[in-house]
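The primary structure of each chain is shown beneath.
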Amino acid sequence: MHPMHLLVAPLYPAGREPLPPGLKEEDREQFMQAKKYQQWMVMGMESCVAKTVMAGVGGLGIGAFFSLMSASFAYEDPYLRQQTQAGMTNTQKAREIFKEMGRGMWRTGKGFGKVGALFAGIECVIEAYRAKNDMVNPVAAGFVAGGVLARHSGPRAVFGGGLAFAAFSGAIDWFLRRESSDDD
């Protein structure tokens, strides 16, 4: 776009733009209201807070789902089952199994949610600061998030965790950004 086009006044006053095909003048107020709500939604989805919350909630759900799927393998040993559930009725056994599954789902979900929210928040802040959307953002965010997650294990673990998370984040982002083949 030529720089002079940025200085040209709009052809239509605000709120009097042409309506999309199929809408009448009576529909303008409803259309403008819907457009305003859509703009609010876009602003909300582009905010770092919304991205962080969505990643945290999504991570909580995925972590709980993974834990639920892996819980089916936890009660495969009949000897262990007999020792831990001796003297219980079937209802008590089922209640105990479901409670343990719920605790495991919550524990794993919290971990996944924390990692997702931490990474998404850091990546969003880096992207907003740099004003670019490229491969540097997920790699840098991965390095910082990995370091933060390993902070209680010493400086070598912080550096190693940062490198590992940065490599993983870079690989995932590279895979998601690559061009799809047109062989379909």
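That block above? That's the structure.
Below, the structure is looked at part by part. All figures in this text were calculated on a predicted structure; none of them were measured in a lab.

## What to know about the overall build of the protein
Per the secondary structure count, the protein includes six helices and zero strands. Reading the protein from its N terminus to its C terminus gives the helix and strand order α-α-α-α-α-α. Every one of the 184 residues in the protein was classed for burial, and the buried ones make up 19%. For the protein, the proportion of contacts with a sequence separation of at least 24, taken over those separated by at least 6, is 50%. For the protein, the accessible surface area stands at approximately 14,000 Å², while carbon and sulfur atoms represent 65% of it.

## As for helix α6 (residues 155-177)
The first and last C-alpha atoms of α6 sit 32 Å apart over 23 residues, in line with the 33 Å expected at 1.5 Å per residue. Those residues of α6 that fall on the buried side of the exposure criterion are Gly 162, Phe 165, Ala 166, Ser 169, Gly 170 and Asp 173. Where α6 is buried, its residues meet α4 (90-130) and α5 (136-149).

## Observations regarding the pattern of salt bridges
Under the counting rule described, the total for this entry stands at five salt bridges. With a closest N to O distance of 2.7 Å, Glu 25 and Arg 28 form a salt bridge. Judged by relative accessible area, Glu 25 falls into the partly exposed class, the value being 43%. Among the salt bridges present, the one from Glu 96 reaches Arg 103, with a minimum N-O distance of 4.0 Å.

## Description of a nonpolar patch on the surface
Together, Ile 62, Phe 65, Phe 66, Leu 68, Met 69 and Phe 112 make up a nonpolar patch on the protein surface, roughly 550 Å² of accessible area in all. Per-element tally for the nonpolar patch: the top contributor is helix α2 (residues 48-71), with five residues. Within the fold, Leu 68 resides in helix α2. Relative accessible area serves as the criterion here: at 33%, Leu 68 is assigned to the partly exposed category.

## Observations concerning the layout of surface pockets
In this structure, the largest pocket encloses a volume near 250 Å³. Secondary structure elements with two or more residues in the lining of the largest pocket: α2 and α4. Considering each element in turn, the lining of the largest pocket owes the most residues, five residues, to α2. Among the residues forming the lining of the largest pocket, the class breakdown is six nonpolar, three polar and no charged. In this structure, the second largest pocket spans a volume of roughly 220 Å³. Along its surface, the second largest pocket is lined by Val 115, Gly 116, Phe 119, Glu 123, Pro 138, Phe 165, Phe 168, Ser 169, Ile 172, Asp 173 and Leu 176. Looking at the lining of the second largest pocket element by element, the count peaks at six residues for α6. The residue makeup of the lining of the second largest pocket, split by class, is seven nonpolar, two polar and two charged.

## Examining the state of the cysteines
Covalently bonding the sulfur atom of one cysteine to the sulfur atom of another cysteine gives a disulfide. If you walk through the whole model with that rule in mind, you get one disulfide. Covalent S-S linkage joins Cys 48 and Cys 124, the inter-sulfur distance amounting to 2.1 Å. On the sign convention where negative means left-handed, the S-S torsion of about -85 degrees between Cys 48 and Cys 124 marks this disulfide as left-handed. Of this pair, Cys 48 sits in helix α2 while Cys 124 sits in helix α4, placing them 76 residues apart in sequence. Classification of Cys 124 by relative accessible area gives buried; the value is 7%.

## Description of the side chain of Glu 123
When you line up the elements, Glu 123 lands in helix α4. Nearest to the buried, unbridged Glu 123 among oppositely charged side chains is Arg 177, at 5.4 Å. Excluding its chain neighbours within four sequence positions, the residues that come into contact with Glu 123 are Asn 137, Pro 138 and Ala 141.

Definitions and limits used
- Residues numbered from 1 in each chain as written.
- Predicted model: local features only at pLDDT ≥ 70, side-chain atom pairs only at ≥ 80, totals over all residues.
- Heavy atoms only, no water.
- Helix = DSSP H or I, 4+ residues; strand = E, 2+ residues; numbered from the N terminus.
- Buried < 20%, exposed > 50% of the residue type's maximum accessible area, 1.4 Å probe, protein only.
- Contact = heavy atoms within 4.5 Å.
- Areas by Shrake-Rupley, 256 points an atom, 1.4 Å probe, with all protein chains shown as cover.
- Expected span 1.5 Å × (residues − 1).
- Salt bridge = Lys/Arg side-chain N within 4 Å of Asp/Glu carboxyl O.
- Patch = residues over 30% accessible without salt bridge, like charges linked within 9 Å, V, L, I, M, F, W, Y side chains within 5 Å.
- 1 Å grid on protein atoms, 1.4 Å probe; cavity = no way out; pocket = protein on both sides within 12 Å on 5 of 7 lines; lining within 4 Å.
- Points joined across faces, edges and corners; volume = space filled by probe spheres on them.
- Nonpolar A, V, L, I, M, F, W, Y, C, P; charged D, E, K, R; others polar.
- Disulfide = S-S within 2.5 Å.
- Lys, Arg positive; Asp, Glu negative; His and termini not counted.

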